[in-house]
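# Structural description and commentary
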Amino acid sequence: MATGDLVLGQEQGRTDARQRVVNDFSINVATVNGSGSQSANSVLLKSIFGMGVPVSGKNLFPSNIAGLPTWYTIRASKDGYVARKRDPEILVALNPETAKDDILGLPVGAVAIYEESFNLRQYRDNVACYPVPFDKITASICPEAKLRKLVKNMVYVGVVAQLLSIDLNVVETAVRKQFAKKQKVFDLNFGAVKAGWDFAAEKLVKHDPFVIEPMSETRGKIIIDGNAACGMGAVFAGVTVVAWYPITPSTSLIEATTDLLKKYRVTPEGKATFAVVQAEDELAAVGMVLGAGWAGARSMTSTSGPGISLMAEFSGLGYYAEIPGVIFDVQRSGPSTGMPTRTQQADLLSTAFLSHGDTKHIMLLPGSVKECFELSGEAFDLAERLQTPVFVLTDLDLGMNNWMSEQFAYPDKPLDRGKVLSAEDLERLGGFARYRDVDGDAIGWRTLPGTMHPKASYFTRGSGHNDAAGYTEKPNEYQDLVDRLARKFENARALVPAPIVVKNGTSKIGFIAYGSSDFAVSESLDQIKKEFDQDVDYLRIRAYPFAHEIHDFVASHERVYVIEQNRDAQMESLLKLDLPAEQVVKLRSILYYGGLPLDARTITEEFATKEGL
């Protein structure tokens with residue numbers, strides 16, 4: 001009997017045999033931070049992807065020193081669901097500190113693969129247990145003791161692949177891609193995979209229902225994280241100045257951008273045509289971004305919540321003096337340091353009104369890695385078109401985790417540099433007033449430093465100024481200025497990315513969500529239909545200020561649930577400020593803010609409770 005075949009009707013550890021579960025389960029790999037598990041996890045993820053099965057991966061890691069527990073979840077879904085699944089069915093337990101709790105958290109009928117010395121079978125008799133001597137296997141194939149903790153993770157890949165019937169050739173391809181151009185490293189790691197595979201084939205009798213079978217649902221797809229996608233979008237958008245200060249979880253966004261700039265923004269002689277500056281703090285970083293934007297460069301920075309807090313004063317300057325720049329905010333849990341390696345959507349209110357005084361900022365809210373790429377490009381166009389800072393808000397889940405995606409389309413539109421006057425324009429016009437609304441769109445014309453014309457210069461003021469950029473403290477001139485800024489923000493409703501109405505039928509109930517919550521919401525809609533025969537319409541917001549379609553959506557429903565990942569219902573609060581009073585009463589909240597990525601079951605259960613289902 002081939003142990004790779006599913007054995008049904010056989011009991012071991014009193015686990016009930018049941019119908020095969022094909023391409024529809026979640027794997028939870030429990031290791032310790034700093035053990036080198038990232039490469040092994042990536043190989044397993046890409047192996048399932050290589051079998052043609054839709055997949056997603058989420059790294060749940062500690063913010064402190066190496067040696068603390070870390071988990072990596074891999075979801076395989078024949079239906080294409082990629083949100084976190086609350087209850088994983090397969091556990092790989094390699095951390096003795098969490099092994100007991102990890103196996104106790106499994107649902108009945110699940111699978112536990114673990115270091116045999118943990119003796120986890122004593123805690124559960126209703127899960128399929130596969131003890132594996134990982135330490136002994138690793139020692140037998142890796143003579144260097146210091147490498148064993150790294151190689152051990154690859155042994156688990158082999159065991160899992162054999163038990164799930166993943167093609168070993170596909171795994172080999174994934175290992176080779178992971179260690180490209182490092183033959184000795186490949187040999188050692190694939191040797192570990194093969195050792196795990198051989199042990200499982202010889203020693204383990206499969207008595208669980210979970211299996212991977214080939215599909216074709218990943219053909220033409222890619223796997224990428226949101227930070228890399230944002231960086232790629234920024235480079236395609238023509239960014240040439242990057243100023244930043246390291247902070248989790250946004251650092252890899254700058255690293256991805258820098259790598260691409262080094263490859264594509266150099267002269268044939270190898271001279272860089274870009275600048276990447278690590279500033280002394282986030283305050284300095286955004287100041288550099290605005291200086292570069294004022295000078296005519298496309299500029300950006302990337303940060304998270306604590307950095308956003310520090311950028312308040314300069315953000316107000318950018319809004320008031322009308323200077324373009326793009327600020328990426330990869331949100332994490334707060335306040336203060338909070339939980340730096342956990343995800344949340346809790347910067348909406350602080351970012352929308354960042355700075356003192358009457359200030360409103362444009363925010364773009366990507367809901368996928370594809371939109372991270374696309375909306376990053378749009379952010380630079382909007383920043384120059386509207387002459388203002390534009391914020392792109394993602395979160396740790398979308399930014400740092402691996403997502404399957406359609407391939408990105410090559411941009412086919414020219415860059416929108418906005419209303420810039422050349423020397424020839426000035427000669428024809430005889431001059432200009434920097435902050436005067438001559439076109440009725442609330443946007444003035446600007447010149448760039450170095451424009452060779454005596455009428456090109458103007459003062460950029462963070463203090464009171466009139467439409468000719470002259471200093472003033474006259475009440476009427478100040479009011480004219482801030483009223484024009486308010487009209488410009490209002491006009492931006494028609495320029496920012498429109499919301500996506502995913503489902504708009506005859507239901508009296510609607511869902512509104514944004515960002516990475518979309519994955520869980522989409523799955524929850526299917527659960528609600530299947531379990532309660534209840535249709536719910538759905539609109540996904542992609543930008544602030546809110547497009548008029550959002551008003552129409554709320555008006556056409558009796559109840560609208562706003563789903564978000566923060567405690568204080570921040571999106572609902574923004575909507576209440578924007579909607580007519582008679583529409584505000586329709587809004588309800590479904591909130592999750594535990595720091596883990598939102599899952600569909602949480603939404604479904606909360607909705608069912610609130611609706612009395």
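Our subject is the structure listed above.
Okay, so let's go over this structure. Per chain, residue numbering runs from 1 following the sequence as it is written. Side-chain atom pairs in this predicted model are given and counted only at pLDDT of 80 or more, local residue features only at pLDDT of at least 70, and totals for whole chains, interfaces and linings cover all residues. Working from all heavy atoms in the structure, the side-chain values ignore hydrogens and water.

Glancing now at the packing of helix H17 (residues 517-532) against helix H21 (residues 600-611). Fitted lines through C-alpha atoms serve as axes, helices being fitted only where they are in contact, and the angles separating the N-to-C directions of these axes extend from 0 to 180 degrees. Only DSSP runs of H or I covering at least 4 residues are called helices, and only runs of E covering at least 2 are called strands; the numbering of each starts at the N terminus. It is at 8 Å that the axes of H17 and H21 come closest, and there the two elements cross at 50°. In this view, H17 runs oblique relative to H21, as classed from their interaxial angle. In terms of crossing hand, the pair formed by H17 and H21 is right-handed. Where H17 approaches H21, its residues Ala520, Val521, Glu523, Ser524, Gln527, Ile528, Glu531 and Phe532 are matched on the opposing element by Ala600, Arg601, Ile603, Thr604, Phe607 and Ala608. When an angle is under 35 degrees it counts as roughly parallel; over 145 it counts as roughly antiparallel; between 65 and 115 it counts as roughly perpendicular; any other value is oblique. It is the rotation of the near helix from the far one that decides the hand of a crossing: anticlockwise by less than a right angle makes it left-handed, clockwise makes it right-handed. Note on definitions: a residue-residue contact is assigned when non-hydrogen atoms from the two residues lie within 4.5 Å.

Buried residues of helix H5 (residues 168-178): Leu168, Val170, Val171, Ala174 and Val175, and no others. Angular distribution of buried residues about the axis of H5 spans 155°; they occupy a single face of the element. Those residues of H5 that are exposed and aimed more than 90 degrees away from the buried face are Asn169 and Lys177. Check the buried side of H5 and you find it contacts helix H1 (37-50), helix H4 (145-164) and helix H6 (183-203). Two N or O atoms count as a polar contact when they lie within 3.5 Å, although within protein this holds only if one can serve as hydrogen donor and the other as acceptor, and sequence-adjacent residues are included solely when both atoms are side-chain atoms. Of the residues that open H5, the one with a side-chain oxygen 2.8 Å from the backbone nitrogen of Asn169 is Asp167. For every residue, the accessible area (1.4 Å probe, protein chains only) is compared with the maximum for its type, and the residue is labelled buried under 20%, exposed over 50%, or partly exposed between those bounds. As used here, the arc is the angular range of directions from the helix axis to the C-beta atoms.

Attention now goes to the nonpolar core. Of all hydrophobic cores here, the largest spans 88 residues; its most connected members are Met300, Phe511, Ile512, Ile541, Met571 and Leu575. By residue number, the principal contributor to this core is helix H13 (residues 369-386), which donates 9 residues. For the purposes of this section, nonpolar cores are sets of buried Ala, Val, Leu, Ile, Met, Phe, Trp, Tyr and Cys residues that join through side-chain atoms within 4.5 Å.

Time to look at the pairing of strand S5 (residues 90-93). A two-sided burial pattern is seen for S5, the buried positions comprising Ile90 and Val92 on one face and Leu91 and Ala93 on the other. Two strands are said to pair when DSSP picks up at least two bridges between them. In this sheet, S5 lies alongside strand S2 (residues 24-32) in parallel orientation, the contact comprising 4 bridges. Counted as the bridge partner of Val29 is Val92 from S5. Of the pairings in the sheet, the one linking S5 to strand S6 (residues 111-115) comprises 4 bridges and is parallel in character. Bridge pairing in S6 links Leu91 to Ala112. Here the term right-handed applies to a crossover when the path leading from its first strand over the helix to its second strand runs clockwise, the strands being oriented away from the viewer. Taking the sense of rotation as the criterion, the β-α-β connection linking S5, helix H2 (residues 99-104) and S6 turns out right-handed.

For the rest of this paragraph, the subject is unusual backbone geometry. Of note, the bond from Gly334 into Pro335 is cis; its omega dihedral lies within 30 degrees of zero at 0°. Residue placement: Pro335 occurs in the loop between strand S13 (325-331) and helix H12 (348-352). With omega at 15°, the peptide bond leading from Tyr544 into Pro545 counts as cis. Mapped onto the elements of the fold, Pro545 is located in the loop between strand S20 (543-544) and helix H18 (548-555). For Ser336, which is not glycine, the phi dihedral falls at a positive 50°. With respect to the helices and strands, the residue Ser336 is situated in the loop between S13 and H12. Although it is not a glycine, Ala442 sits at a positive phi angle of roughly 70°. With respect to the helices and strands, Ala442 occurs in the loop between helix H15 (423-429) and helix H16 (475-491).

With respect to the helices, strands and loops of the structure, Thr218 is situated in the loop between strand S8 (210-211) and strand S9 (221-225). Aside from chain neighbours lying at most four places away, what touches Thr218 is Phe49, Gly52, Val53, Pro54 and Met404.

As a further point, take the pattern of salt bridges. Salt bridge criterion: a side-chain nitrogen from Lys or Arg within 4 Å of a carboxyl oxygen from Asp or Glu. Tallying each qualifying case throughout the model produces 41 salt bridges. Note that Lys203 and Glu202 form a salt bridge whose closest N and O atoms lie 3.8 Å from each other. Of the two residues, Lys203 and Glu202, both sit in the exposed class. For Asp416, the salt bridge goes to Arg385, with nearest N and O atoms at 3.5 Å. Taken together, the positions of Asp416 in the loop between strand S16 (402-406) and H15 and Arg385 in helix H13 put the pair 31 residues apart, joining distant regions of the chain. Using a relative accessible area of 27% as the deciding quantity, one classes Asp416 as partly exposed. For Arg385, a relative accessible area of 34% corresponds to the partly exposed category.

Buriedness for pockets is judged along seven lines, at least five of which must meet protein on both sides within 12 Å for an open set on the 1 Å grid over protein atoms alone, while cavities are sets there where a 1.4 Å probe fits but cannot get out, and lining residues have an atom within 4 Å of a point. Grid points are joined across faces, edges and corners, and a volume is the space filled by probe spheres set on the points. This model, assessed by the stated rule, comprises 7 cavities of 30 Å³ or more. Around the largest cavity, the lining residues are Tyr319, Lys360, Ile362, Leu386, Thr388, Leu485, Lys488, Phe489 and Ala492. When residues in the lining of the largest cavity are grouped by element, the largest group, 3 residues, is from H16. In terms of residue class, the lining of the largest cavity is built from 6 nonpolar, 1 polar and 2 charged. Approximately 60 Å³ is the volume found for the second largest cavity. As for the second largest cavity, its lining consists of 13 residues, of which Trp294, Glu322, Ile323, Arg434 and Tyr458 are closest to the centre. When grouped by side-chain class, the residues that make up the lining of the second largest cavity number 7 nonpolar, 3 polar and 3 charged. Note on residue categories: nonpolar means Ala, Val, Leu, Ile, Met, Phe, Trp, Tyr, Cys or Pro, charged means Asp, Glu, Lys or Arg, and polar means any other residue, Gly included.

What follows is about the layout of surface pockets. Reported here for the largest pocket is a volume of approximately 630 Å³. Forming the boundary of the largest pocket are 26 residues, of which Gln38, Asn59, Tyr72, Met400 and Asn402 lie nearest the centre. Contributions of two or more residues to the lining of the largest pocket are made by S2, H1, strand S3 (55-60), strand S4 (69-77) and helix H14 (396-400). The element that contributes the greatest number of residues to the lining of the largest pocket is H1, accounting for 6 residues.

Take the sheet that holds strand S22 (residues 587-591) next. Sheet architecture is open: 5 strands sit in the order S17-S19-S18-S21-S22, paired in mixed fashion. The two strands at the open ends of the sheet, each matched to only one other strand, are strand S17 (500-503) and S22. Neighbour to neighbour, the strand axes of the sheet diverge by 25° on average, direction disregarded. Of the strand pairs in this sheet, strand S21 (residues 559-564) and S22 are connected by 5 bridges, and their pairing is parallel. Each residue of the ladder has a partner; that of Val562, found in S22, is Ser589. The sheet strands contacting H17 are strand S18 (509-514), strand S19 (537-541) and S21, and the helix crosses S18 at an angle near 155°. The sheet contacts of helix H19 (residues 570-578) involve S18, S19, S21 and S22, and relative to S21 the element is tilted by about 135°.

The 7 strands are arranged S11-S10-S12-S13-S15-S14-S20 in an open sheet whose pairing can be described as mixed. The sheet is open, and its two borders are formed by strand S11 (275-278) and S20, each paired with just one other strand. Alignment of strand S14 (residues 362-364) against strand S15 (residues 389-395), held across 3 bridges, turns out to be parallel. What sits directly across from Leu364, in S15, is Val392.

The relation between two aromatic rings is expressed through the spacing of the ring centres and the mutual angle of the planes. For this analysis, a ring pair means two rings from Phe, Tyr or Trp (six-membered ring only for Trp) whose centres lie within 6.5 Å, classed as stacked if their planes differ by under 30 degrees, edge-to-face if by over 60, and tilted for the remaining angles. In total, this model carries 12 aromatic pairs according to the counting rule given. Centroid distance Phe25 to Phe210: 5.6 Å. Interplanar angle 65°. Geometry classified as edge-to-face. Within this pair, whereas Phe25 is found in strand S2, its partner Phe210 is found in strand S8, the two being separated by 185 residues in sequence. By the burial criterion, Phe25 is buried, and Phe210 matches it. Seen in terms of ring centroids, Phe186 and Phe190 are 5.7 Å apart; in terms of plane orientation they differ by 5°. Their pairing is stacked. Linking Phe186 with Phe190, this pair stays in helix H6, spanning 4 residues, or about one helical turn.

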